[in-house]
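Examining the three-dimensional arrangement
Below, each chain spelled out in residue letters.
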Amino acid sequence: MGRIAGVTAAETRKRLLHAAAEVFAQRGYDGTRVTDIATAAGVSNGALYAHFGSKAELLVAALRAHGPRLLADLLAADPDRSIADLLLVVGRRLPNRRDTHGYLIVEALVAARRDEDVALPMRDYVGQRTDWIAGLVQAAQHGGELDGELSSDALAHFCLLLAIGSALIPPDLHTVDDEEWTALLTRVVTAFAPADTTAQRGAPR
């Protein structure tokens, strides 16, 4: 199996990334061989190495292409939606997530603890994700939607911890009542509002 007739290099790369996401999520990083991914993609090992220099590089590339993007997708679908509302919507969905590709981030983080070849690109990936979320937080702070005294980096880190935790504890391991979870999240997100807004919400009428 080499390059498939009539298939462009870009399409081959896309096929490899999709196959890698599926195989890594199912078998884990250590349990996956390059040959497994090439076979799943329908190409040769040589064709795979023409696009990716190593299994570690392919793992992080697959994570970038097929990793969790719930917040980004919601923002793209409704760019005028408030950040606080987006955080609440995403948070409500986390306990019930069943996306196989969500396990990619878990596999990548575990592999990064053991393999420096994975750790280096993962630092870049996590850093870029954190910076992106922090940028959304800062925009919401400038707009008076979120408390400007909160650290945008800390809040971004908090969001990443919740998202990764939801992949570690899927519904088949533990479930939580939707209404109770929503009530908790609402309190948490409300606490992110500017102090004067929070005070007004709690003032007696």
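A short tour of the structure in this document, coming up. Here the structure is a predicted model, which is why all the values come from computation and not from measurement. (Residues numbered from 1 in each chain as written. Predicted model: local features only at pLDDT ≥ 70, side-chain atom pairs only at ≥ 80, totals over all residues. Heavy atoms only, no water.)

Some points on the pattern of salt bridges
One pass over the full model with this rule turns up five salt bridges. In this structure, D36 and R33 form a salt bridge, with 2.9 Å as the shortest nitrogen-oxygen distance. When its relative accessible area of 12% is taken as the criterion, D36 is described as buried. Residue D85 is joined to R81 by a salt bridge in which the shortest nitrogen-to-oxygen separation is 2.6 Å. Residue D85 is classed as partly exposed on the basis of its relative accessible area of 29%. For R81, a relative accessible area of 28% translates into the label partly exposed. Taken together, the shared-partner salt bridges connect R27, R33 and D36 into one network. (Salt bridge = Lys/Arg side-chain N within 4 Å of Asp/Glu carboxyl O. Buried < 20%, exposed > 50% of the residue type's maximum accessible area, 1.4 Å probe, protein only.)

Keep in mind these values describe shape, not function.
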